[in-house]
Amino acid sequence: MQELPTNHRLLLAARPTGIPGPENFAADTVPARAPDAGEVLMETTYLSIDPAMRSWMSEKPLQNKNISLGEVMRGGGIARVIASRAAGIEPGDLVQARLGWQTHPTLNGRYLQKLDLTLGTSEDWIGPLGLSAVTAYFGLRDIGGLRRHDHVLVSSAAGGVGQIAVQIARIEGCRVVGIAGGARKCAFVANELGAHAVIDYKAEENLSAAIARACPHGIDLYFDNVGGPTLDAALEHLRPGARIVLCGRISQTLAAESYGVRNLGRLSAANGRMQSFLVFNYHDRYDEARIWLAARHRDSSLQQKLHVLAGLQQAPIALGMLFRGENNGKLVIRVSDDLGPR
Ligand SMILES: NC(=O)c1ccc[n+]([C@@H]2O[C@H](COP(=O)([O-])OP(=O)(O)OC[C@H]3O[C@@H](n4cnc5c(N)ncnc54)[C@H](OP(=O)(O)O)[C@@H]3O)[C@@H](O)[C@H]2O)c1
């Protein structure tokens, strides 16, 4: 093998108290490690930036093990194989894995998934075929029991998961209303994603009244990405048999005191149900979701707008952007420009 490249890494240096940022990370460089038997050396091309990462950085995350101080920051993405001692994986292959925030990870081949480039390009695998899209697919269908003609409400509708949820519901013949922060995001949700109505929650004094106007017949399915007062407001407008999908609760991640939901009585009155889920539990069915998503992406009925920042050093800034609503689309870091075959 040629000379080993330098591995640029970002390590967790301090646990955040509020919105995470560069002060929580330390950069270092080490020689990349040549693969042992069964291992693969890669060059990271894209990293996905996700709200759950903030929780993994804390002492006691709600899900998953925390990241130790001094450990490479955890994160998933796409990489190009440079050297392989794992069966079935060759240099030049594009793979998906929990790579960590580093430019040249060496990992056991069993943790890698080769990208099926017949479904989409490597960019598609971080976009409309990526885990955010897969999350929307299983959340709406398996948890939400999405049905044609449902009246669907989606929060954080311009975000990575939300924009796919809006489009899936629209494709399936539902009436869809999106909630997003600011005029620019709302215009995107209405004009590019095809939502039937949008609510700019930052411009509304009374969110419940705004939902009543946008959803005059009530809500059959609420796909909740934010929790807190937005969930409470949605609960006031449930139709009989309504379903609430608890996908995420980003409004509560940094809250000093958790918001106490008041309107659960409305769920009983509607004879509805509310259920959370973790996309990782659908691992065995990711292919099913990707085949469906790829077909809709090919016929141009579904898109995933990416918000791309260039360079590994941008990752800590990017993570904070999620909690300030500064991302316009699915947030990713382009770590390397060398994407190999597309
Ligand atoms: N269940 C699962 O397996 C699973 C998997 C992936 C993601 N998730 C969850 O899905 C949700 C969306 O994730 P994503 O990656 O697609 O992020 P995203 O929606 O692309 O980005 C986060 C967005 O959240 C909104 N936000 C931030 N603080 C808020 C607050 N206090 N109140 C209301 N909205 C706020 C902002 O949009 P606005 O500008 O519109 O406010 C921000 O742009 C997250 O809650 C995440 O944890 C769950």
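Residues numbered from 1 in each chain as written. Predicted model: local features only at pLDDT ≥ 70, side-chain atom pairs only at ≥ 80, totals over all residues.

Some words on the sheet that holds strand β12 (residues 238-246)
Read across the sheet, six strands follow the order β10-β9-β8-β11-β12-β13 without closing on themselves; strand pairing throughout is parallel. The open sheet has two free edges, formed respectively by β10 (197-200) and β13 (273-276), since each of these has just one partner strand. Here the strands of the sheet are splayed against their neighbours by 15° on average, with no regard to which way each runs. By the bridge criterion, four bridges tie strand β9 (residues 175-180) to β10 in an arrangement that is parallel. By the bridge assignment for β10, V177 is matched with A197. Running over the sheet, helix α3 (residues 131-143) touches β11 (219-224), β12 and β13 and is turned about 145° from β12. Against the sheet, helix α7 (residues 228-235) engages β8 (151-154), β9, β11 and β12, with an angle of about 175° to β11. (Pairing = 2+ DSSP bridges. Helix = DSSP H or I, 4+ residues; strand = E, 2+ residues; numbered from the N terminus. Axes fitted to C-alpha atoms, helices over the stretch in contact; angles between N-to-C directions. Contact = placed C-beta atoms within 7 Å.)

Some thoughts on the environment of R9
Within the fold, R9 resides in strand β1 (residues 6-12). Classification of R9 by C-beta neighbours within 10 Å gives buried; the count is 21. Separated by 319 residues in sequence, R9 and N328 place their C-alpha atoms 26 Å apart. Ignoring sequence-local partners within four residues, the contact set of R9 consists of D28, V30, V72, W101 and Q102. (Buried ≥ 20, exposed ≤ 12 C-beta atoms within 10 Å, placed from the backbone.)

Brief notes about the site of the ligand
Taken together, 30 residues sit near the ligand, with G159, G160, G181, G248 and G325 positioned nearest. If you list the elements that add at least two residues to the shell around the ligand, you get α3, α4 (160-171), α8 (250-253), α11 (315-324) and β15 (330-334). Sorting elements by how many residues they give to the shell around the ligand places α4 first, with three residues. Residue composition of the shell around the ligand, by class: 14 nonpolar, 12 polar and four charged. When residues of the shell around the ligand are sorted by domain, at least three fall in each of domain 1 (6-127 + 305-334) and domain 2 (131-280). (Near = placed C-beta within 6 Å. Nonpolar A, V, L, I, M, F, W, Y, C, P; charged D, E, K, R; others polar. Domains from an automatic or database assignment.)

With respect to the domain arrangement of the protein chain
Partitioning the protein chain into domains gives domain 1 (6-127 + 305-334) and domain 2 (131-280). In this structure, domain 1 and domain 2 have C-alpha centres spaced 29 Å apart. Listed by partner, the interface residues are 15 residues for domain 1 and 13 residues for domain 2. Among the secondary structure elements, those contributing two or more residues to the side of domain 1 that touches domain 2 are α1 (52-56) and β15. Across the side of domain 1 that touches domain 2, the residue classes tally to four nonpolar, eight polar and three charged.

Thoughts on helix α10 (residues 286-298)
Relative to the 18 Å expected for 13 residues at 1.5 Å per residue, α10 spans 18 Å between its end C-alpha atoms, a close match to the ideal helical length. For α10, the complete set of buried residues consists of A289, R290, L293, A294 and H297. The arc that holds every buried residue of α10, seen down its axis, measures 130°, which confines them to one face. Exposed positions of α10 whose direction lies more than 90 degrees from the buried face are D287, I291 and A295. (Expected span 1.5 Å × (residues − 1). Arc of directions from axis to C-beta.)

A short note on the packing of helix α6 (residues 207-214) against α7
A packed helix pair is summarised by two numbers, namely the angle formed by the two axes and the spacing between the axes. Close contact between α6 and α7 brings their axes to 9 Å; oriented N to C, the two are set at 45°. Considering their axes alone, α6 and α7 lie oblique with respect to each other. Judged by the twist between their axes, the crossing of α6 over α7 is right-handed. For the pair α6 and α7, contact is made by L207, S208 and I211 and by P229, T230, A233 and A234, respectively. Of the residues in the contact of α6 with α7, the class split is five nonpolar, two polar and no charged. (Parallel < 35°, antiparallel > 145°, perpendicular 65-115°, else oblique. Left-handed = near helix turned anticlockwise from the far one by under 90°.)

Looking at the packing of α3 against α10
Taken N-terminus to C-terminus, the directions of α3 and α10 make an angle of 100°; their axes are 10 Å apart at the nearest point. With respect to each other, α3 and α10 are oriented roughly perpendicular. For the pair formed by α3 and α10, the contact residues are A133, V134, Y137 and F138 on the first element and Y286, A289, R290, W292 and L293 on the second. Looking at the contact of α3 with α10 residue by residue, the classes come out as eight nonpolar, no polar and one charged.

Observations regarding the nonpolar core
One finds L153, A165 and V189 to be the most contacted residues of the largest nonpolar core, which totals 93 residues. Looking at this core element by element, the count peaks at eight residues for α3. Three or more residues apiece are contributed to this core by two domains, here domain 1 (6-127 + 305-334) and domain 2 (131-280). Those residues within four positions of L153 in sequence are excluded, and the remaining contacts are V177, I179, I211, C215, I219, Y222 and A234. (Core = buried A, V, L, I, M, F, W, Y, C linked by C-beta atoms within 7 Å.)

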